[in-house]
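# Survey of secondary and tertiary structure
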Amino acid sequence: MIFRKLFPRAQALWRNDAPREYRLPEGERIYAIGDIHGRLDCLDTLIARIDADDAARAPAVTTLVFLGDLMDRGPESRGVIERAIELAETRKAVFLMGNHEEILIYAWEGDSRAAALCQRVGGRETLMSYGAHASDYDTIDPDDFAMTLGERVPSAHIVFVRGFLDSYSSGDYVFVHAGIRPGVALDAQAPGDLRWIRREFLDDEREHGAMIIHGHSITEDVEEKHNRIGIDTGAFASGKLTAIGIEGGERWFLTS
């Protein structure tokens with residue numbers, strides 16, 4: 001009994017069930033960035049800190065992975081998308097499709113149900129970042145909202161967002177927006193789960209065959225579990241945008 005209380009890790013090693021070590025391939029470094037939600041100020045601060053951290057380490061092939069939800073809620077969705085386009089043109093960067101990207105695309109295409117949802121989850125701030133006035137927004141219905149999105153948001157921005165990936169993997173890590181459907185093979189996941197799932201994934205204790213890095217579900221601090229790591233720290237409200245750095249078997253965190 002004393003042995004079990006004082007030396008749980010030693011006991012795990014004795015049983016040969018020590019926690020698994022997750023690794024990236026040699027020479028690769030990844031910085032994954034959580035939900036930005038229109039906070040260009042946080043993004044610029046975090047990118048500067050990532051660049052400084054990257055420069056202080058040994059040379060490696062460095063990839064930025066954005067976990068989705070670049071827009072809505074915060075004040076500068078347009079600025080965030082424009083900054084993302086710049087990064088895509090100058091850096092090795094991967095962008096994942098979040099539920100807010102999905103909603104924006106459908107609403108921009110004229111889907112009134114998606115437009116109504118967009119209005120409820122931060123679309124007001126997005127539309128205003130593209131030059132709409134609050135007085136105009138407050139009087140429009142979902143159909144008018146969709147029409148105004150179509151008029152205000154450049155098609156080039158929608159083309160960029162449509163190109164976002166459902167997931168990204170490297171070594172022992174899988175990066176998604178929301179999570180995965182437990183018990184389903186990683187290569188058979190439904191896009192809707194990758195963008196929207198919550199409790200079924202968050203509450204599941206099983207190993208998933210890889211360490212899952214995700215955003216979508218807000219926590220005050222990084223949520224690091226044995227099978228997943230959540231890095232959505234609610235930047236739109238908290239001002240705290242979080243990134244995880246990964247190299248070899250090492251992990252570390254940076255914030256704005």
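The notes below deal with the structure included here. (Residues numbered from 1 in each chain as written. Predicted model: local features only at pLDDT ≥ 70, side-chain atom pairs only at ≥ 80, totals over all residues. Heavy atoms only, no water.)

## Focus on the environment of E220
Positionally, E220 belongs in the loop between β6 (211–214) and β7 (223–224). Among the residues examined, E220 registers a relative accessible area of 69% and is labelled exposed. Distance from E220 to L87, taken between C-alpha atoms, is 27 Å for residues 133 residues apart in sequence. Excluding its chain neighbours within four sequence positions, the residues that come into contact with E220 are T233 and K240. (Helix = DSSP H or I, 4+ residues; strand = E, 2+ residues; numbered from the N terminus. Buried < 20%, exposed > 50% of the residue type's maximum accessible area, 1.4 Å probe, protein only. Contact = heavy atoms within 4.5 Å.)

## Details of the pattern of salt bridges
It is possible for side chains of opposite charge to pair when their charged atoms get near one another. Under the definition given, this model contains 21 salt bridges. One salt bridge connects D44 with R83, and the closest N-O pair in it is separated by 2.7 Å. Here R83 lies in helix α4 (residues 77–90) and D44 lies in helix α3 (residues 40–55), a separation of 39 residues in the sequence. Notably, a salt bridge pairs R228 with E223, separated by 3.1 Å at the nearest N-O pair. We classify E223 as partly exposed; its relative accessible area is 24%. Counted as one network, the salt bridges with shared partners bring together R29, D54 and E247. (Salt bridge = Lys/Arg side-chain N within 4 Å of Asp/Glu carboxyl O.)

## What about the nonpolar core?
For soluble globular proteins, the rule of thumb is that nonpolar side chains tend to be buried together. Ranked by internal contacts, the top residues of the largest apolar core, which has 46 residues, are I33, I50 and F66. Of all the elements, α3 adds the most residues to this core, at six residues. When neighbours within four sequence positions are excluded, F66 is seen to be in contact with I33, I36, L43, I47, L87, A93, V94, F95 and L96. In terms of nonpolar packing, the next biggest core, distinct from the first, is built from 17 residues, Y22, V94, F175 and I231 among them. (Core = buried A, V, L, I, M, F, W, Y, C linked by side-chain atoms within 4.5 Å.)

## Focus on the sheet that holds strand β4 (residues 168–170)
For sheets, the rule is that strands pair by backbone hydrogen bonds, running either parallel or antiparallel. Within the open sheet, the five strands sit side by side as β4-β5-β6-β8-β7. Their pairing is mixed. Because the sheet does not close on itself, it has two edges, and the strands there are β4 and β7. By the bridge criterion, three bridges tie β4 to strand β5 (residues 173–175) in an arrangement that is antiparallel. Bridge pairing links S170 to Y173 in β5. (Pairing = 2+ DSSP bridges.)

## Description of the packing of α3 against α4
Two elements in contact, α3 and α4, have axes whose closest approach is 9 Å; the angle formed by their N-to-C orientations is 30 degrees. With respect to each other, α3 and α4 are oriented roughly parallel. Considering the relative orientation of α3 and α4, their crossing is left-handed. Of the residues in α4, those touching α3 at L40, L43, D44 and I47 are G79, V80, R83 and L87. When its residues are assigned to classes, the contact of α3 with α4 shows five nonpolar, one polar and two charged. (Axes fitted to C-alpha atoms, helices over the stretch in contact; angles between N-to-C directions. Parallel < 35°, antiparallel > 145°, perpendicular 65-115°, else oblique. Left-handed = near helix turned anticlockwise from the far one by under 90°. Nonpolar A, V, L, I, M, F, W, Y, C, P; charged D, E, K, R; others polar.)

## Comments concerning helix α6 (residues 112–120)
Those residues of α6 that sit buried are A114, A115, A116, C118 and Q119. Its buried side turned inward, α6 meets α5 (99–108), α7 (123–129), α8 (134–137) and α9 (142–152). Structurally, the start of α6 carries an N-cap: the backbone nitrogen of R113 is 2.9 Å from a side-chain oxygen of D111. (Polar contact = N/O pair within 3.5 Å; in protein donor to acceptor, adjacent residues only side chain to side chain.)

## A few points about unusual backbone geometry
Unusually for a residue other than glycine, D69 sits at a positive phi of about 60 degrees. Mapping D69 onto the fold places it in the loop between β2 (61–66) and α4. Owing to a relative accessible area of 2%, D69 belongs among the buried residues under this scheme. The residue H216 is not glycine, and still its phi comes out positive at about 80 degrees. Relative to the helices and strands, H216 resides in the loop between β6 and β7. Owing to a relative accessible area of 7%, H216 belongs among the buried residues under this scheme.

## Side note on the environment of R73
Here R73 lies in the loop between β2 and α4. Along the backbone, R73 and G38 are 35 residues apart, and their C-alpha atoms lie at a distance of 6.4 Å. In contact with R73, other than residues within four places in its own chain, are H37, H100, V121, G122, E125 and F236.

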